[in-house]
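What follows is the residue order along each chain.
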Amino acid sequence: MRTSLPRPLELRADGPDGHLAIYLRDHLAGSVGGLALMARSLRNNRGSVYAPPLRRLRAETLLDRAALERVAASLGVEPSRLKQGGAWLVEKSGRAKRNGQLVGYSSLARLWELEQLGAAVSTKTDLWTVLADERMSDRVPADVDATAVLARCRSHVELVEDHRRRAAVEAFVPARA
């Protein structure tokens, strides 16, 4: 007797709907890692000028994640616990990266986190660019404004980039006396 794998663990998907399910699961998993990275960066930057924009980024990314969950649910796509666990593990392993000192938080660590956040928000923007395309309108439920989410994602790219440049200067340009 042959049994099939549960949908969230499918290894093969034919056609656009199957590919879309994989794509959505991958982005749902990526959001786990991205949100964990945002939480870590927010903890590391508590009390700094970076905290308010990181707090905004995390709060709005939670809204984006909820919108993505509604899109997935409307299509009958369940998140993959395996992929989400992997994304969480990858984020945790990123903490082991040395940043010029054995203990504590360095300006290089801040820059590295912001570069990772830049990649995360860029990828999230790519997802919502796809979902906001008018040819995808039948795949996005009426209670999700993909165009508004996309606009928010684009603002996140700018927000992270502005702070990444500031962090790079702090890491590499000596302070003037």
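As the structure is a prediction and not an experimental result, all values here were calculated from the model.

What counts and what doesn't
Residues numbered from 1 in each chain as written. Predicted model: local features only at pLDDT ≥ 70, side-chain atom pairs only at ≥ 80, totals over all residues. Heavy atoms only, no water. Phe/Tyr/Trp six-rings, centres within 6.5 Å; stacked < 30°, edge-to-face > 60°. Lys NZ or Arg CZ within 6 Å of the ring centre and 35° of its normal. Core = buried A, V, L, I, M, F, W, Y, C linked by side-chain atoms within 4.5 Å. Buried < 20%, exposed > 50% of the residue type's maximum accessible area, 1.4 Å probe, protein only. Helix = DSSP H or I, 4+ residues; strand = E, 2+ residues; numbered from the N terminus. Contact = heavy atoms within 4.5 Å. Salt bridge = Lys/Arg side-chain N within 4 Å of Asp/Glu carboxyl O. Axes fitted to C-alpha atoms, helices over the stretch in contact; angles between N-to-C directions. Left-handed = near helix turned anticlockwise from the far one by under 90°. Nonpolar A, V, L, I, M, F, W, Y, C, P; charged D, E, K, R; others polar. Polar contact = N/O pair within 3.5 Å; in protein donor to acceptor, adjacent residues only side chain to side chain. pLDDT = per-residue confidence, 0-100. Patch = residues over 30% accessible without salt bridge, like charges linked within 9 Å, V, L, I, M, F, W, Y side chains within 5 Å. Areas by Shrake-Rupley, 256 points an atom, 1.4 Å probe, with all protein chains shown as cover.

Under the criterion given, the structure shown has 0 aromatic pairs. Seen from the ring of tyrosine 50, arginine 166 lies directly overhead, with NZ or CZ sitting 5.8 Å from the centre.

Membership of the largest hydrophobic core comes to 19 residues, with the highest contact counts inside it found for Leu24, Leu68, Val71, Trp128 and Leu131. Elements that contribute at least two residues to this core include exactly α1 (15-44), α2 (51-74), α4 (107-132) and α5 (146-172). Leucine 131 has contacts with Leu68, Val71, Met136, Val140 and Ala146, leaving out every residue within four places of it along the chain.

This part is about the pattern of salt bridges. If charged atoms from side chains of opposite charge come close, those side chains can pair. A complete count under the given rule lists 13 salt bridges for this structure. The salt bridge partner of arginine 164 is glutamate 161, with a shortest N-O separation of 2.7 Å. Separated by 3 residues within a single helix, arginine 164 and glutamate 161 lie in helix α5, roughly one turn from each other. For arginine 165, the salt bridge identified is with aspartate 162, shortest N-O distance 2.9 Å. Taken together, the residues arginine 165 and aspartate 162, both in helix α5 and 3 residues apart, mark about one turn of the helix. Judged by its relative accessible area of 44%, arginine 165 is partly exposed.

Now for the environment of arginine 65. Assignment of secondary structure puts arginine 65 in helix α2. Taking the relative accessible area as the measure of exposure, arginine 65 reaches 13% and is therefore buried. Arginine 65 sits 30 residues away from leucine 35 along the chain, and the two C-alpha atoms are 9.2 Å apart. Arginine 65 has contacts with Leu28, Ser31, Val32, Leu35 and Gln84, leaving out every residue within four places of it along the chain.

Turning to the packing of α2 against α4, a few remarks are in order. Running from amino to carboxyl end, α2 crosses α4 at an angle of 35 degrees, the nearest separation of the two axes being 12 Å. Our pair here, α2 against α4, has a crossing hand that is left-handed. Residues Leu54, Leu57, Thr61, Asp64, Ala67, Leu68 and Val71 of α2 touch α4, and the partners they reach there are Leu114, Leu117, Val121, Lys124, Leu127, Trp128 and Leu131. Grouping the amino acids of the contact of α2 with α4 by side-chain chemistry returns 11 nonpolar, 1 polar and 2 charged.

Here we come to the side chain of arginine 25. By secondary structure assignment, the location of arginine 25 is in helix α1. Of the residues examined, arginine 25 reaches a relative accessible area of 3% and is grouped as buried. Polar side-chain contacts of arginine 25 include one of 2.9 Å to the backbone oxygen of glutamate 78.

Counting all residues, the mean pLDDT for the chain is 87, and 82% of those residues have values of 70 or more. Ignoring residues within four places in sequence, the model shows residues 1-11, a span with pLDDT below 50, making 10 contacts including any to other chains.

This part is about a nonpolar patch on the surface. Taken together, Leu108, Val169, Phe172 and Val173 make up a surface patch of nonpolar side chains, about 360 Å² in accessible area. Tracing the chain through its elements places valine 173 in the segment after α5. Overall, valine 173 belongs to the partly exposed group, its relative accessible area being 48%.

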